[in-house]
Amino acid sequence: MHYDAIVIGGSYAGLAAATQLARARRRVLVVDAGQRRNRFAEHSHGFLTQDGTPAADIAAQGRAQLMAYPTVEWREGKVTAAERAGQGFRVEVNGLPDAIDARRLVLATGVIDHLPEVPGLAERWGRHVFHCPYCHGYELNQGRIGALGVSPFSMHVALMLPDWGQATFFLNGAFEPDADQLAQLQARGVVLERGLIDRIEGAMDIVMRDGRVIAQDGLFTLTRVEVASPIAHALGCEFEDGPLGRTIKTDAMKATTVPGVYACGDAARQGGSLPLVVGDGTLAGAATHQSLIFGAH
């Protein structure tokens with residue numbers, strides 16, 4: 001089977017990319033394993049016209065609208081192999097021998113979040129523990145909110161939090177702020193907690209190793225991200241290091257270092273925000289379409 005493009009990953013970025021190609025009446029296959037990064041969060045916030053909408057509903061509506069285009073096909077599963085084949089690419093899905101050909105590939109595979117190893121944190125991920133204050137800070141209603149230190153970059157999160165509530169910075173042995181950083185925290189009214197965390201229990205009670213219990217309404221932490229699929233590496237795409245981990249390197253038009261392969265969404269950018277990845281996917285889809293006319297970037 002031959003397609004103009006195969007979009008690997010059918011979450012928000014992949015849906016946006018496929019929609020641009022579908023509207024150009026190109027034949028598109030979307031392959032999706034059904035693992036949205038934000039599947040742990042009940043609602044999505046900060047996305048124009050969709051503020052407060054259940055995250056799963058946005059994805060479902062996007063898929064339904066995409067599948068109304070007659071040139072689009074959807075396949076459940078994982079792309080298990082991909083390689084250059086002539087002027088295009090050949091992929092395998094779920095390890096099956098019936099290889100699929102396409103002129104272009106769009107990698108929208110997303111990432112895996114590796115959470116800090118604090119007992120009780122993973123169970124509250126997406127409900128009381130978050131990664132993005134723009135996505136979840138307002139709903140904490142100016143309550144007690146914490147930033148969990150995992151690296152010096154956690155300073156950035158801690159300094160933002162007072163705009164959303166009463167902020168405490170739990171260093172947890174990750175690093176020690178210098179004099180200038182301490183002054184910044186004090187100026188922003190951030191309470192500094194140097195004790196080590198033992199566990200999280202209850203709704204959001206942080207139990208310290210010295211026995212103290214510090215109740216919070218929410219906690220923000222950075223995660224270490226890992227691109228969720230090995231396909232970019234197998235194709236020879238270059239990666240770049242960032243404060244959260246390695247992501248696929250792209251240019252301004254979302255082209256990877258492998259001609260004909262584009263990447264978008266969390267796999268190709270630092271941070272995580274639904275509006276940003278939708279925009280990312282839209283750009284990747286348009287660039288992929290134009291490459292079919294004018295040549296690969």
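Located above this text is the structure these notes cover.
What counts and what doesn't
- Residues numbered from 1 in each chain as written.
- Predicted model: local features only at pLDDT ≥ 70, side-chain atom pairs only at ≥ 80, totals over all residues.
- Heavy atoms only, no water.
- Axes fitted to C-alpha atoms, helices over the stretch in contact; angles between N-to-C directions.
- Helix = DSSP H or I, 4+ residues; strand = E, 2+ residues; numbered from the N terminus.
- Parallel < 35°, antiparallel > 145°, perpendicular 65-115°, else oblique.
- Left-handed = near helix turned anticlockwise from the far one by under 90°.
- Contact = heavy atoms within 4.5 Å.
- Nonpolar A, V, L, I, M, F, W, Y, C, P; charged D, E, K, R; others polar.
- Polar contact = N/O pair within 3.5 Å; in protein donor to acceptor, adjacent residues only side chain to side chain.
- Pairing = 2+ DSSP bridges.
- Phe/Tyr/Trp six-rings, centres within 6.5 Å; stacked < 30°, edge-to-face > 60°.
- Buried < 20%, exposed > 50% of the residue type's maximum accessible area, 1.4 Å probe, protein only.
- Lys NZ or Arg CZ within 6 Å of the ring centre and 35° of its normal.
- Expected span 1.5 Å × (residues − 1).

*Asks:* Give a detailed account of the packing of helix H1 (residues 12-23) against helix H2 (residues 55-67), specifying residues and quantitative values.
*Replies:* Across the interface, H1 lies against H2 with an axial gap of 10 Å and an inter-helix angle of 20 degrees. By the angle class used here, H1 and H2 are roughly parallel. Note that H1 runs across H2; the crossing there is left-handed. Note on element contacts: H2 touches H1 through Ala55, Ile58, Ala59, Gly62, Arg63 and Leu66, opposite Tyr12, Leu15, Ala18, Thr19 and Ala22. Looking at side-chain class alone, the contact of H1 with H2 contains 8 nonpolar, 2 polar and 1 charged residues.

*Asks:* Can you break down the side chain of Thr256 residue by residue, with the values?
*Replies:* Along the chain, Thr256 turns up in the loop between strand S20 (245-248) and strand S21 (261-263). A polar atom in the side chain of Thr256 sits 3.1 Å from the backbone nitrogen of Val258. For Thr256, the side chain forms a polar contact with the main-chain oxygen of Val261, separated by 2.8 Å. When near neighbours in sequence (up to four residues on either side) are disregarded, Thr256 contacts Cys237, Ile248, Lys249, Thr250, Val261, Tyr262 and Ala263.

*Asks:* Could you give an account of the sheet that holds strand S16 (residues 213-215), with specific residues and numbers?
*Replies:* Each strand in a sheet pairs with its neighbour through backbone hydrogen bonds, running either in the same direction (parallel) or in the opposite one (antiparallel). The 3 strands are arranged S14-S15-S16 in an open sheet whose pairing can be described as antiparallel. At either end of the open sheet lies a strand with only one pairing partner, and these are strand S14 (197-201) and S16. Here the average twist between neighbouring strands, direction ignored, is 25 degrees. Pairing of strand S15 (residues 205-208) with S16, which is carried by 3 bridges, proceeds in the antiparallel orientation. Its bridge partner lying in S16, Val207 is registered against Val213.

*Asks:* Tell me about the packing of aromatic side chains, and name the residues and values.
*Replies:* As enumerated under the stated definition, the model contains 3 aromatic pairs in all. Judged by centre distance (5.3 Å) and plane angle (85 degrees), the ring pair of Tyr134 and Trp164 falls under edge-to-face. Of this pair, Tyr134 sits in helix H3 (residues 133-136) while Trp164 is found in the loop between helix H4 (154-160) and strand S12 (166-170), placing the two residues 30 residues apart along the sequence. A relative accessible area of 59% places Tyr134 in the exposed class. Owing to a relative accessible area of 14%, Trp164 belongs among the buried residues under this scheme. Where Phe169 meets Phe175, the ring centres are 6.1 Å apart and the plane angle is 50 degrees; that geometry is what we call tilted. There is no split in this pair, since Phe169 and Phe175 are both buried. Its end group placed over the ring of Tyr3, Arg27 keeps NZ or CZ at 4.5 Å from the ring centre. The cationic tip of Arg63 hangs over the ring face of Trp74; the distance from NZ or CZ to the ring centre is 4.1 Å.

*Asks:* Which residues make up helix H7 (residues 274-294), and what values go with them?
*Replies:* In an α-helix, one turn spans 3.6 residues, which is why side chains three or four residues apart end up on the same side. Spanning 21 residues, H7 covers 30 Å between terminal C-alpha atoms, matching the ideal 30 Å at 1.5 Å per step. Of the residues making up H7, those classed as buried are Leu274, Val277, Asp280, Gly281, Ala284, Gly285, Ala287, Thr288, His289, Ser291 and Leu292.

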